[in-house]
Amino acid sequence: MILSWGEHFNKHRCRSCFEAKGRMADYVADIPLFLVTERNCGLLGLSTLFEAGAGGCRSL
């Protein structure tokens with residue numbers, strides 16, 4: 001969804017809102033934020049997990 005926003009996405013506002021967590025603000029200030037631009041990042045991560053032998057995951 002964010003990819004379709006293009007130049008309308010405000011990185012500084014996003015960071016400000018991310019850090020505006022009241023008493024947790026100092027804690028989250030050190031957490032990096034990344035903008036994922038790969039359209040299929042979820043599928044790529046899932047395929048990597050399966051290629052690695054499901055990483056110890058088991059079905060329920």
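Before any of the text, the structure's been laid out above.
Owing to the predicted nature of the structure, the values given are computational and were not obtained by experimental measurement. (Residues numbered from 1 in each chain as written. Predicted model: local features only at pLDDT ≥ 70, side-chain atom pairs only at ≥ 80, totals over all residues. Heavy atoms only, no water.)

Q: Could you clarify how one ought to interpret the overall build of the chain in this entry?
A: Looking only at helices and strands, the chain has four helices and zero strands in total. Secondary structure elements of the chain, listed N to C terminal, follow the sequence α-α-α-α. Surface accessibility of the chain: about 5700 Å² in total, with carbon and sulfur atoms responsible for 58%. (Helix = DSSP H or I, 4+ residues; strand = E, 2+ residues; numbered from the N terminus. Areas by Shrake-Rupley, 256 points an atom, 1.4 Å probe, with all protein chains shown as cover.)

Q: I would appreciate a short explanation of a nonpolar patch on the surface in the present structure.
A: On the surface, Leu 43, Leu 46, Leu 49 and Phe 50 cluster together into a nonpolar patch covering about 390 Å² of accessible area. Mapped onto the elements, Leu 46 comes out in helix 4 (residues 41-51). (Patch = residues over 30% accessible without salt bridge, like charges linked within 9 Å, V, L, I, M, F, W, Y side chains within 5 Å. Salt bridge = Lys/Arg side-chain N within 4 Å of Asp/Glu carboxyl O.)

Q: Help me understand the environment of Leu 33, please; the structure alone is not making it clear to me.
A: Among the secondary structure elements, Leu 33 is positioned in the loop between helix 3 (25-28) and helix 4. Classification of Leu 33 by relative accessible area gives partly exposed; the value is 38%. The residues touching Leu 33, leaving out its near neighbours within four places in the chain, are Cys 14, Arg 15 and Phe 18. (Buried < 20%, exposed > 50% of the residue type's maximum accessible area, 1.4 Å probe, protein only. Contact = heavy atoms within 4.5 Å.)

Q: Got a minute to help me understand the environment of Phe 18 in this structure?
A: Along the chain, the position of Phe 18 falls in helix 2 (residues 11-19). Distance in space between the C-alpha atoms of Phe 18 and Val 28 is 7.6 Å, their sequence separation being ten residues.

Q: Just checking my understanding: could you explain the pattern of salt bridges for this structure?
A: One side chain can pair with another of opposite charge once the charged atoms of both are near each other. Taken as a whole and judged by the stated rule, the model has one salt bridge. As a salt-bridge pair, Glu 19 and Arg 15 come within 2.6 Å of each other at their nearest N and O atoms. Of this pair, Glu 19 and Arg 15 are both found in helix 2, four residues apart, which corresponds to roughly one turn of the helix.

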